[in-house]
Amino acid sequence: MSKYSKYSKTLKRLKRLAPKVPDYTCPDIDFIVDKVENHSGFTKFRKKLLVKKLERLRIQNEQLRDSGEYWYKKLKNYLFDLL
């Protein structure tokens, strides 16, 4: 078995065992933002605060996704550089 095959197999196993990457949450956040903005039960201040927190959550979700992709690529490059 070649080193390439060994590392490729290891990478595939690690990827298979890794936690599932959740679906994009932006549509869900957009839905909630729309409901908050169009609901008359919130004050203008409360609406602004809720939307601001949801937008922060959207950014944090994107950063987590980007971080996962970054570390996957780093590991992949590291394993293949060991060849």
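Scroll up a little and you will see the structure.
Caption draft 1: Region of interest: the pattern of salt bridges. Inspection of every chain in the model, using the stated rule, returns two salt bridges. Here Arg-58 makes a salt bridge to Asp-30, at a shortest N to O gap of 2.7 Å. One end of the pair, Arg-58, is in helix α3 (residues 44-81); the other, Asp-30, is in helix α2 (residues 26-37), with 28 residues separating them in the sequence. According to the relative accessible area criterion, Asp-30 is partly exposed, its value standing at 42%. Put simply, Glu-55 and Arg-58 hold a salt bridge, and the shortest N to O gap is 2.9 Å. Taken together, the positions of Glu-55 and Arg-58, both in helix α3 and three residues apart, correspond to about one turn of that helix. Through salt bridges with shared partners, a single network forms among Asp-30, Glu-55 and Arg-58.

Caption draft 2: Examining α3 more closely. If you check α3, its first and last C-alpha atoms are 55 Å apart, about what 38 residues at 1.5 Å a residue would give, namely 56 Å. Taken residue by residue, α3 has Val-51, Leu-54, Arg-58, Arg-65 and Leu-79 as its buried positions.

Caption draft 3: Fine view of the packing of α2 against α3. At a minimum axis separation of 10 Å, α2 and α3 run at an interaxial angle of 175 degrees. In this view, α2 runs roughly antiparallel relative to α3, as classed from their interaxial angle. Contacts from Cys-26, Ile-29, Asp-30, Ile-32, Val-33, Val-36 and Glu-37 of α2 reach α3 at Lys-47, Leu-50, Val-51, Leu-54, Glu-55, Leu-57, Arg-58, Asn-61 and Glu-62. Classifying every residue of the contact of α2 with α3 by side-chain character gives nine nonpolar, one polar and six charged.

Caption draft 4: View of the layout of surface pockets. Looking at the largest pocket, its volume works out to about 600 Å³. Val-21, Leu-64, Arg-65, Gly-68 and Glu-69 are, among the 20 residues lining the largest pocket, the residues nearest its centre. Sort the elements by how many residues they give to the lining of the largest pocket and α3 lands first, with ten residues. Class assignment for the residues of the lining of the largest pocket results in ten nonpolar, three polar and seven charged.

Thresholds applied
- Residues numbered from 1 in each chain as written.
- Predicted model: local features only at pLDDT ≥ 70, side-chain atom pairs only at ≥ 80, totals over all residues.
- Heavy atoms only, no water.
- Salt bridge = Lys/Arg side-chain N within 4 Å of Asp/Glu carboxyl O.
- Helix = DSSP H or I, 4+ residues; strand = E, 2+ residues; numbered from the N terminus.
- Buried < 20%, exposed > 50% of the residue type's maximum accessible area, 1.4 Å probe, protein only.
- Expected span 1.5 Å × (residues − 1).
- Axes fitted to C-alpha atoms, helices over the stretch in contact; angles between N-to-C directions.
- Parallel < 35°, antiparallel > 145°, perpendicular 65-115°, else oblique.
- Contact = heavy atoms within 4.5 Å.
- Nonpolar A, V, L, I, M, F, W, Y, C, P; charged D, E, K, R; others polar.
- 1 Å grid on protein atoms, 1.4 Å probe; cavity = no way out; pocket = protein on both sides within 12 Å on 5 of 7 lines; lining within 4 Å.
- Points joined across faces, edges and corners; volume = space filled by probe spheres on them.

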